[in-house]
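Listed here are the chains, written in short residue letters.
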Amino acid sequence: MVLKERDIKKHIKDKKFGNIYCFYGSEKFLVKTYTQRLITALMGENPPEFNFHIFDNDSKVDDIAVSSDIMPFMSEYNCVKVEDLNLDKLVKSDYEKLKKIISNTPKTTVIIFTFPTLDISGKNFSAFIKLVDKLGVVVEFPKYDSNALSKQLVSGAYKRGCPLTAVNAGKIVDYCGTDLTMLQNELDKLCAYADGEEITSEMIDLLVHINLETKVYYMANEIIAGNLDKAYKELDILFYQKTDPIAIVSAIAGAYMDLYRARIGAESGVSVATVAKDFNYGNRKFALEKASRTGRRISTSSIRKSIDEIANTDYKLKSTSASDRILLEELIAKLSLIAKEKSYA
């Protein structure tokens, strides 16, 4: 059977265990979290070696078969964890063996196939998911959207004894992006600093690491608004942090492409949600929503000219010996003038 996150949470709590599990999906933090929760529910905090067997992508299918047939000793279950097994690279004979293992698992054995780092979606994997669906439990953990992430942070902060408002949780997501592992790390840091007090906006500004995409988004805002001092200050920080200049230009290009897609969608009467779907934004739909607000201060023709200028700077960075710093400073100045629809020739 296929379960969602809320279902597997209850499934584990109720201890109505199956014999075969498969945990996979884009949100690797949740894959790791629920794999460990299931193992702890089955085997306790410290699983005994003779009842707990771990295999990875380099393991042999025959060894998995041997371990799955072991009878549990002084325990209700024999647990086998198979981590990041690349099913699509298995030779046919090994894949057939694996299918037999799954189909003939003893009632006292629980096999957990988990994919905490590997992303696969080939023919073997699709067939594997269907087989586990018939014989056991399949759970896919997709990426959370920004609202779900904010709720997760609010809940996590509350459990740690530190109040966090939805607005400030959203600010953390804006700064860090949607990687749940990074968000949890930042929340741990904030809670340790707050020490039981409310997590404030000032604490977030002081402690939370802002990713490149977010920094450049703020830089683009300042450029369009004509606040060159702030834009150059952001550039100073990026160079101080030794950020690759080509990566900076690439991030600027991404910010302006978000502006352009949001603008063209609006002009065509297409919703942000549809544009996000058409361009495979996934859980980054919030980037287009922000762009649609920022883009109100710049014309469509100026966005097009800006993208041309960004592409030109990217070419110069990769093909000339000119100073990276000077090229980026010139780009910021030109983009500001374009936003004001002034000539810089």
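Look up: the structure comes first, before these words.
It should be emphasised that the depicted structure is a prediction, and the values quoted were computed from it without experimental measurement.

Participant: How should I be thinking about a nonpolar patch on the surface in this particular structure?
Facilitator: On the surface, Phe50, Phe73 and Met74 cluster together into a nonpolar patch covering about 400 Å² of accessible area. If you trace the backbone, Phe50 turns up in the loop between helix H2 (28-43) and strand S3 (52-55). Exposure remark for Phe50: the relative accessible area of 46% places this residue in the partly exposed category.

Participant: Help me out: how do you make sense of the packing of helix H12 (residues 245-267) against helix H15 (residues 300-319) in this one?
Facilitator: Geometrically, a packed helix pair is captured by the angle between its two axes and the distance between the axes. Following both chains from N to C, one finds H12 and H15 inclined at 160 degrees, their axes separated by 10 Å at the closest point. In terms of orientation, H12 lies roughly antiparallel with respect to H15. Our pair here, H12 against H15, has a crossing hand that is left-handed. Facing Pro245, Ile246, Val249, Ile252, Ala253, Tyr256, Met257, Leu259, Tyr260, Arg263, Ile264 and Glu267 of H12, the residues of H15 in contact are Thr300, Ile303, Arg304, Ser306, Ile307, Ile310, Thr313, Asp314, Leu317 and Lys318. Broken down by class, the residue content of the contact of H12 with H15 amounts to 14 nonpolar, 3 polar and 5 charged.

Participant: I would appreciate a short explanation of the nonpolar core in the present structure.
Facilitator: Most often, soluble globular proteins have nonpolar side chains that are buried together. Membership of the largest hydrophobic core comes to 43 residues, with the highest contact counts inside it found for Ile8, Tyr21, Phe23, Leu42 and Ile199. The element contributing the most residues to this core is H2, with 8 residues. With residues near it in sequence (within four places) discarded, Phe23 still touches Ile8, Val31, Tyr34, Thr35, Leu38, Phe113, Thr114, Phe115, Val139 and Phe141. Counting 31 residues, the second largest nonpolar core, distinct from the first, contains Ile248, Val249, Ala255 and Ala339.

Participant: How should the pattern of salt bridges be read in this particular structure?
Facilitator: Note on pairing: side chains with opposite charge can pair once their charged atoms come close. Taken as a whole and assessed by the stated rule, the structure comprises 13 salt bridges. A salt bridge links Asp314 to Lys318, with the shortest nitrogen-to-oxygen separation between them at 3.0 Å. With Asp314 and Lys318 both in helix H15 and 4 residues apart, this pair spans about one turn of that helix. Asp314 sits in the partly exposed class, given a relative accessible area of 21%.

Participant: Looking at this model, I keep getting lost on the pairing of strand S5 (residues 109-114). Mind explaining?
Facilitator: Looking along a regular strand, one sees side chains alternate from face to face of the sheet. Along S5, 6 of the 6 residues are buried, which leaves the element largely enclosed by surrounding structure. The alternating pattern of S5 places Thr109, Ile111 and Phe113 on one face and Val110, Ile112 and Thr114 on the opposite face, and all of these are buried. Direction of pairing for strand S2 (residues 20-24) relative to S5: parallel, over a ladder of 4 bridges. Opposite Phe23, over in S5, you have Thr114 as the bridge partner. Direction of pairing for strand S4 (residues 78-83) relative to S5: parallel, over a ladder of 6 bridges. Across the sheet, Cys79 pairs through a bridge with Val110, a residue of S5. In this region the chain leaves S4, passes through helix H4 (residues 92-103) and returns to the parallel neighbour S5; the handedness of that crossover is right-handed.

Participant: Looking at this model, I keep getting lost on the sheet that holds S2. Mind explaining?
Facilitator: Whether parallel or antiparallel, the strands of a sheet pair through hydrogen bonds between backbone atoms. Sheet architecture is open: 6 strands sit in the order S1-S6-S2-S5-S4-S3, paired in parallel fashion. Since the sheet does not close on itself, it has two edges, and those belong to strand S1 (2-3) and S3, each with one partner. In this sheet, strand S6 (residues 137-140) lies alongside S1 in parallel orientation, the contact comprising 2 bridges. Residue pairing for S6: Leu3 is matched across the bridge by Val139. The sheet contacts of helix H5 (residues 123-135) involve S1, S2, S5 and S6, and relative to S2 the element is tilted by about 135 degrees.

Participant: Can you walk me through unusual backbone geometry in this structure?
Facilitator: Residues apart from glycine generally show negative phi values, whereas peptide bonds are mostly found in trans. You will see that Lys15, though not glycine, has its phi angle at about 55 degrees, which is positive. Along the chain, the position of Lys15 falls in the loop between helix H1 (5-14) and S2. When its relative accessible area of 52% is taken as the criterion, Lys15 is described as exposed. Phi is positive for Asp195, which is not a glycine, with a value near 55 degrees. Looking at the secondary structure, you find Asp195 in the loop between helix H8 (180-194) and helix H9 (201-207). Of the residues examined, Asp195 reaches a relative accessible area of 65% and is grouped as exposed.

Reading the values: rules and limits
- Residues numbered from 1 in each chain as written.
- Predicted model: local features only at pLDDT ≥ 70, side-chain atom pairs only at ≥ 80, totals over all residues.
- Heavy atoms only, no water.
- Patch = residues over 30% accessible without salt bridge, like charges linked within 9 Å, V, L, I, M, F, W, Y side chains within 5 Å.
- Areas by Shrake-Rupley, 256 points an atom, 1.4 Å probe, with all protein chains shown as cover.
- Salt bridge = Lys/Arg side-chain N within 4 Å of Asp/Glu carboxyl O.
- Helix = DSSP H or I, 4+ residues; strand = E, 2+ residues; numbered from the N terminus.
- Buried < 20%, exposed > 50% of the residue type's maximum accessible area, 1.4 Å probe, protein only.
- Axes fitted to C-alpha atoms, helices over the stretch in contact; angles between N-to-C directions.
- Parallel < 35°, antiparallel > 145°, perpendicular 65-115°, else oblique.
- Left-handed = near helix turned anticlockwise from the far one by under 90°.
- Contact = heavy atoms within 4.5 Å.
- Nonpolar A, V, L, I, M, F, W, Y, C, P; charged D, E, K, R; others polar.
- Core = buried A, V, L, I, M, F, W, Y, C linked by side-chain atoms within 4.5 Å.
- Pairing = 2+ DSSP bridges.
- Right-handed = clockwise from strand over helix to strand, strands pointing away.

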